[in-house]
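Residue-level structure breakdown
Okay, here's what each chain looks like letter by letter:
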Amino acid sequence: MVALAGCLLLPFVEFRPNRIVSGTFETVFVAGVASWALVALIALALVVALAPGRVRGSLLLVAGAGMGLALLWALGVAAVHLQEGAPAIVRVSVGPGAWLVGLGALIVWFAGTRATASVLVRRIAGVAVLLGVAAIAMWGGLGELSLAREYAVQSRRFWTLVRQHLVLAGTGVGFGVLIGIPLGVAASRNRVVRDAGLGIASVIQTIPSMAMLGLLIAPLAALGLTAIGTTPAVIALTLYALLPIMRNTFVGLAGVDAAVIDAGRGMGMGRLQLLLRVEAPLALPLVIEGVRAAAVLVIGIAAVTAFIGAGGLGILVFQGWGQQADDLTLLGAIPMVVLAVLADVSMRGLRRLVVSPGIEEGTLT
Amino acid sequence: MILPPRMRPVVAAFAGTMLFAWIVGQQELWASVLGSLFPESARPVYPAATVAELTMQHLRLVGISSGLTLLVGIPLGMWVTRPSGADFREIVSAAVDFGQTFPPVAVLALMMPILGFGLWPAVVALFLYGMFPVVSNTVAGLEAVPRTVIDAARGMGMDRARILFTVEMPLAARIIMAGVRTSVVINIGTATVAAAVGAGGLGDPIIGGISVQNMAYVLQGATAAALLAVVADGLLAGAERLLTPRGLEA
Amino acid sequence: MITLRDVTKRYGEVTAVDGVSFEVPSGEVCVLIGPSGCGKTTTLRMINRLIEPTSGSIEIDGQDVMSVRPEELRRHIGYVIQSVGLFPHLTVAENVATVPKLLGWERRRYEPKVRELLGIVGLPPAEYADKYPRQLSGGQAQRVGVARALVADPPLLLMDEPFGAVDPLTRERLQAEFVRIQRELKKTVIFVTHDVDEAIKLADRIALMRSGNLEQYDTPETLLDHPASKFVHDFMGSDRALKRLGRARVANVMRTVESTTGGARSVVAEACGGSRFVYLTDERGVLEGWVDCKVLDAGTPPEEAGTTVDWHEAAVHPETTLKDALSRMLGFGFRNVAVVDADGRLVGEVSLAAIEGTMADADTHIANLEEGEVLGAIPEESPAERDELT
Ligand SMILES: Nc1ncnc2c1ncn2[C@@H]1O[C@H](COP(=O)(O)OP(=O)(O)OP(=O)(O)O)[C@@H](O)[C@H]1O
Ligand SMILES: [Mg+2]
């Protein structure tokens, strides 16, 4: 929070003569009214965070949302203002101060959602933010920021890469589910599978993703395959997806109350019926949690597979690093975060949707 | 010699570490093994630095960042579970939960525009990213200490600091150490990627190897990085075991 | 001596304890009892300042507790709670040594004390000192909790439902041990329970609370015989005759008996000496069973005329209450039950007739009461109060 206040003093936007060269920094106050709104909201967030009260959660939501929107607005104003009458090649990019404010806004927002018990309030706040973002986007000031200009240049390629990224991660998680769930079931039935399977999977998990891609060279070469491209990437992603899915399936099944299984058997269910009708529904929340963890993990690792030419958003990041073009890097990194967060949120939602209401939330991890 | 069960993983991890250190030092061994695996390659060993040097670079990066992570993360987790920091508890937890969904590459990528390239920006990125598991496990570990135990401690006349250090921390040690272990292993992995932003380390031969199409370099870096991660994981697992009070062992 | 003067604790709107005053003389056991939520725990915890009173004063031997640093205060007051709260990472001995260490005692000073206390609570140190709490049963853990509270020899002991979480048999045993230890150590004890029988068994005085107020503070006999209100009367229960048996101890009505270590027929027959049964013990006097003299006279060999028993189950202790002794007899269908000391050595016997004798006394007493005394003792109730009670 203190950092949040301090970040006002850091450079807010960077004004650069062109895409690559670094330029001069301006503070937040180039944005006029918008900047004052932003400062006021940060102050509000600080006050609310420090002074607990009954409506604290809602106030935090308002402050967080307000900070985010005011930030976007201020950035747009600053971009338009700085680029007035300048040549088209000029770039205005987001500075560290603005990044920190954005981070702060997210933190405040998340704290708000946690502290707010009312679902209705959270929904309303969510919709309000979406509308606000849409309004600011339509106004167009943001389009003048360098990131947006970069996007404009790269847009077609950008979406291809997003699609590639999703396909890579999706395939990895898909294979992870197809292999991990049966292995998890087997582990809950057989000690050897449990010890060996979980042991190997957790060793795999400790291996750095980039090292894994390198290590696959030898076995792939033995199969006559090259270590470059999509195939090794998908293999690596599947390997990483395995542990969370397998472990959670196992833990979920092992955690089913023996009395419940006994009751099922007493009613004349066979082993398969028992698994499908009794154990699976009870273990489901943990299995979905495992898939969620795997999805978040694999979206992150899919970024690394760009190294071996598997495509995906990692390409933008690494090219950005290679060319020292920050905008390009960010154009890859930000959507990556968005994808991971979306996967996280949607899997949590899915879990709430499919889990039997008879199983209390408290038993989930 | 018969070892007590809690010492076995510790001794095994220590032996593993020794073996790893020896392997890392054998530059000729690397050369001959890689040479026989890649007979067509003229230069099967990464030329810019020895495996030992690369490993030391890697360890320096991870050591500094993980060290900072522990120095900041554990006290932070302790603070937000005290009455004085309770108001920040939810904000810190929200930040930590959110941060844990971030792809490591994205964390590096988001840091670079702010801090630039090189070792130190990478240290900062790894330090921040490593905080998430440490803070979340410190908080979880301290909150898992039964209220009744703390109540009994207060009833016997222990002051807050004493309760924290002689009751709560020992009881939370295992969970905190599990967080430290996760954090360090993730850091070793992310540090490999950080070679791409000029931080050096075992990622260098991997990235260099891919760019010059020399798979021998890639395999060299990959093997060393994988071994380093597995050995570090084993050592920390041993530490976890040692720091778990006997009374809590299953 | 503990003195509470007009002690009140408020939590916002809720008044947990409302102007409670009472005094506990040194060396006595005061039991705080009352329905759930009436403020017992709050009252107790204000004495060692785990809770700060909103108003009023609490003095220990004339010193206001507010004038002492809370940590310092607590180190000189034993504290036992239902959930025990043993430190899971420390051994039994280390748990017990906690307060001495806080007080800065040297190892040579506290170590023998720790072992002694473990012995007193019935956990031989050789076997238990190095165990961890997870290796103990609920009853054993509770004993460690008591040892931990007593080891620094605090004059005052606060106990919050200490035997609430163990099975009835263990509870009975722990209660008997408590009586024995208390007889030996003479602590001032404030003991919280909501079990009336436990209160009657252990208390020198009972403080009966109801929604933050002290309803009556008196000896158990007075509470049973002269309840100050209908609430007290109802709370103490209708089976007062039986309850009063909970006050009398086996030691008061037991008689000495003959015993023999067994052996030749003539020896056993002589020990019979005309009575129907004779007890069998080993050389140390530990109860092993009894011989039916009539069967013996009929020519059966002594080995076959005898019954072997385990004294842990089939005997009572001098400090056992008559109520528990009676239920033991009814349970086994005996008219007599052997009395043994803590090590199982035979010290006497108590008969149904003897218990009936005390019952008869009580019955006449109760009959008298029922003719007017009790009802006369109940004050006129306000209509509001009656509503509340029904
Ligand atoms: N920290 C607190 N905040 C608000 N109210 C409290 C608090 N602690 C206790 N109370 C209230 O004070 C009253 C007395 O509580 P207390 O714990 O002393 O009851 P008790 O007699 O020990 O009950 P029990 O037999 O269930 O243990 C209860 O109504 C309780 O709800
Ligand atoms: Mg209570």
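Read on for an overview of the structure.

The α-helix advances 3.6 residues per turn, and as a result positions three or four apart in sequence lie on the same side. Residues and elements named next belong to chain C. Buried within helix α14 (residues 265-272) are the following residues: Val268, Ala271 and Cys272. Along the long axis of α14, the arc covered by the buried residues comes to 110°, so they all point the same way. Summarising the geometry of α14, the exposed residues directed more than 90 degrees from the buried face are Ser266 and Glu270. Of the surrounding secondary structure, the elements contacted by the buried residues of α14 are β11 (259-260), β12 (277-281), β13 (287-292), α15 (293-297) and α16 (302-305). Glycine 273 sits one or two residues past α14 and shows a positive phi near 50°.

At the interface, 22 residues of chain C touch 22 residues of chain B. Roughly 1,900 Å² of surface becomes buried between chain C and chain B when both sides are summed, with 60% attributable to carbon and sulfur atoms. On inspection of chain C and its partner chain B, the count reaches one salt bridge. The salt bridge partner of B:Asp151 is C:Arg45, with a shortest N-O separation of 2.8 Å.

A word on the packing of helix α11 (residues 258-266) of chain A against helix α12 (residues 271-304) of chain A. All names here are of chain A. Running from N to C, α11 and α12 cross one another at 160°; their axes reach a closest spacing of 10 Å. When the axis of α11 is compared with that of α12, the two are roughly antiparallel. Helix-helix and strand crossings are classified by hand; for α11 and α12 the assignment is right-handed. Contacts between α11 and α12 involve Val260, Ile261, Gly264 and Arg265 from the former and Leu274, Val278, Glu279 and Leu282 from the latter. Here the residues of the contact of α11 with α12 are counted per class, giving five nonpolar, one polar and two charged.

Here is a general trend for soluble globular proteins: nonpolar side chains tend to be buried in one another's company. Formed by 126 residues in total, the largest nonpolar core has its most connected members in A:Leu313, A:Val317, A:Trp321, B:Leu61 and B:Val105. Top contributing element to this core by residue count: helix α10 (residues 215-243) of chain B, with 14 residues. By size, the runner-up hydrophobic cluster in this structure holds 64 residues, among which are C:Tyr110, C:Val121, C:Ala147 and C:Ile181.

Within this structure, the stated rule accounts for 31 salt bridges over all chains. The residue C:Arg107 makes a salt bridge to C:Glu111 at a minimum N-O spacing of 3.1 Å. Residue C:Arg107 and its partner C:Glu111 are both found in helix α5 (residues 107-120); the two are separated by four residues, about one turn of the helix. We classify C:Arg107 as exposed; its relative accessible area is 56%. Between C:Glu215 and C:Arg210 there is a salt bridge, with its nearest N and O atoms 3.6 Å apart. The class of C:Glu215 is partly exposed, set by a relative accessible area of 24%. On the basis of relative accessibility, which here comes to 11%, the residue C:Arg210 falls in the buried class. Three or more residues joined by partner-sharing salt bridges are found here, namely A:Glu289, A:Arg292, A:Asp344, A:Arg348 and A:Arg351.

Once that is clear, we can look at the site of ligand 1. Residue and element names in this part refer to chain C. Taken together, Tyr11, Ala16, Ser36, Gly37, Cys38, Gly39, Lys40, Thr41, Thr42, Glu161 and His194 make up all the residues around ligand 1. The side chain of serine 36 places a nitrogen or oxygen atom 2.5 Å from an oxygen atom of ligand 1. Within the contact set of ligand 1, an oxygen atom lies 2.4 Å away from a side-chain nitrogen or oxygen of threonine 42. Taking 630 Å² as the accessible area of ligand 1 by itself, protein coverage stands at 59%. Residue contributions to the shell around ligand 1 peak at three residues, all from helix α1 (residues 40-47). Tallied by class, residues from the shell around ligand 1 come to three nonpolar, six polar and two charged.

For any two helices packed against each other, the geometry is given by the interaxial angle and the distance between the axes. Residues and elements named next belong to chain B. For the pair helix α5 (residues 104-115) and helix α8 (residues 160-194), interaxial distance at closest approach is 10 Å and the crossing angle is 50°. Between α5 and α8, the angle is such that the two are oblique. Between α5 and α8 lies a crossing whose hand is right-handed. In contact with Pro104, Val105 and Leu108 of α5, α8 contributes Thr190, Val193 and Ala194. Among the residues forming the contact of α5 with α8, the class breakdown is five nonpolar, one polar and no charged.

Moving on, we come to empty space enclosed by the protein. Residues and elements named next belong to chain C. What the rule picks out here adds up to five cavities of 30 Å³ or more. Elements with a contribution of two residues or more to the lining of the largest cavity: α7 (138-150) and α8 (168-185). Looking at side-chain class alone, the lining of the largest cavity contains seven nonpolar, no polar and two charged residues.

So, on to the interface of chain A and chain B. The interface of chain A with chain B comprises 44 residues on the first partner and 45 residues on the second. The interface formed by chain A and chain B contains zero salt bridges. If you look at where chain A meets chain B, you find zero residue pairs in polar contact (both at pLDDT 80 or more). Looking at the side of chain A that touches chain B, the elements that each hand over two or more residues are α2 (33-50), α3 (56-83), α4 (96-115), α7 (191-206), α8 (209-215), α12, α13 (314-323) and α14 (326-354) of chain A. Ranked by residues supplied to the side of chain A that touches chain B, first place goes to α14(A) with ten residues.

Residue and element names in this part refer to chain C. With antiparallel pairing, the four strands of this open sheet are ordered in space as β2-β1-β4-β5. Of all the strands in the sheet, just β2 (14-24) and β5 (63-64) have a single pairing partner and so form its edges. Bridge count between strand β1 (residues 2-11) and β2: seven bridges; the pairing is antiparallel. Paired with tyrosine 11 across the strands is valine 14, a residue of β2. Along the sheet face, α1 touches β1, β2 and β4 (55-60) and points at about 120° away from the line of β1.

Residues and elements named next belong to chain C. The three strands lie next to each other as β15-β16-β17, forming an open sheet whose pairing is mixed. The sheet terminates laterally at β15 (315-316) and β17 (346-351), the two strands that pair on one side only. Relative to β17, strand β16 (residues 336-340) runs antiparallel, the two sharing five bridges. Across the sheet, the residue bridging to asparagine 336 is serine 351, located in β17.

Rules of the game
- What you see as residue numbers is a count from 1 along each chain, following the sequence as written.
- To label them, take the chains in the order written and letter them from A, then take the ligands in the order written and number them from 1.
- Whole-chain, interface and lining totals are the exception, using all residues; otherwise, since this is a predicted model, local features are given only for residues with pLDDT of at least 70 and side-chain atom pairs are given and counted only at 80 or more.
- By convention in this description, side-chain values take in all heavy atoms of the structure and omit both hydrogens and water.
- Partly exposed describes any residue whose relative accessible area lies between the buried limit of under 20% and the exposed limit of over 50%, with all areas from a 1.4 Å probe on protein chains only and scaled to the type maximum.
- Runs of H or I in DSSP of at least four residues are treated as helices and runs of E of at least two as strands, each being numbered from the N terminus.
- Starting at the helix axis, one direction is taken to each C-beta atom, and the arc is that of these directions.
- The contact definition used throughout considers only heavy atoms, calling two residues in contact when any of these lie within 4.5 Å.
- Values labelled buried area give the accessible surface lost by two parts on being combined, using a 1.4 Å probe and summing over both.
- Definition used for salt bridges: Asp or Glu carboxyl oxygen within 4 Å of a side-chain nitrogen of Lys or Arg.
- Note on method: axes are straight lines fitted to C-alpha atoms, helices fitted across the in-contact stretch only, with angles between N-to-C directions ranging 0 to 180 degrees.
- Note on terminology: angles under 35 degrees are roughly parallel, angles over 145 are roughly antiparallel, angles of 65 to 115 are roughly perpendicular, and the others are oblique.
- Crossing handedness: left-handed means the near helix sits turned counterclockwise from the far one by under a right angle, and right-handed means the same turn made clockwise.
- Any residue that is not Ala, Val, Leu, Ile, Met, Phe, Trp, Tyr, Cys, Pro, Asp, Glu, Lys or Arg is counted as polar, Gly included; the first ten are nonpolar and the last four charged.
- In plain words, nonpolar cores are sets of buried Ala, Val, Leu, Ile, Met, Phe, Trp, Tyr and Cys residues tied together by side-chain atoms within 4.5 Å.
- For this purpose, a residue is taken to be near a molecule or strand whenever a single non-hydrogen atom of the residue falls within 4 Å of it.
- N or O atoms within 3.5 Å of each other form a polar contact, as long as, within protein, one can give a hydrogen and the other can take it, and as long as residues adjacent in sequence are counted only when both atoms are side-chain atoms.
- Computed with a 1.4 Å probe, the accessible areas rest on the Shrake-Rupley method; for each residue, only the protein chains presented here act as cover.
- The distinction between a cavity and a pocket rests on a 1 Å grid over the protein atoms alone: a 1.4 Å probe fits inside a cavity but cannot get out, while a pocket stays open yet meets protein on both sides within 12 Å along at least five of seven lines, and a residue with an atom within 4 Å of a point counts as lining.
- Grid points are joined across faces, edges and corners, and a volume is the space filled by probe spheres set on the points.
- Strands were regarded as paired on the criterion that DSSP finds at least two bridges between them.

Keep in mind that these numbers describe shape and distance, not what the molecule does.
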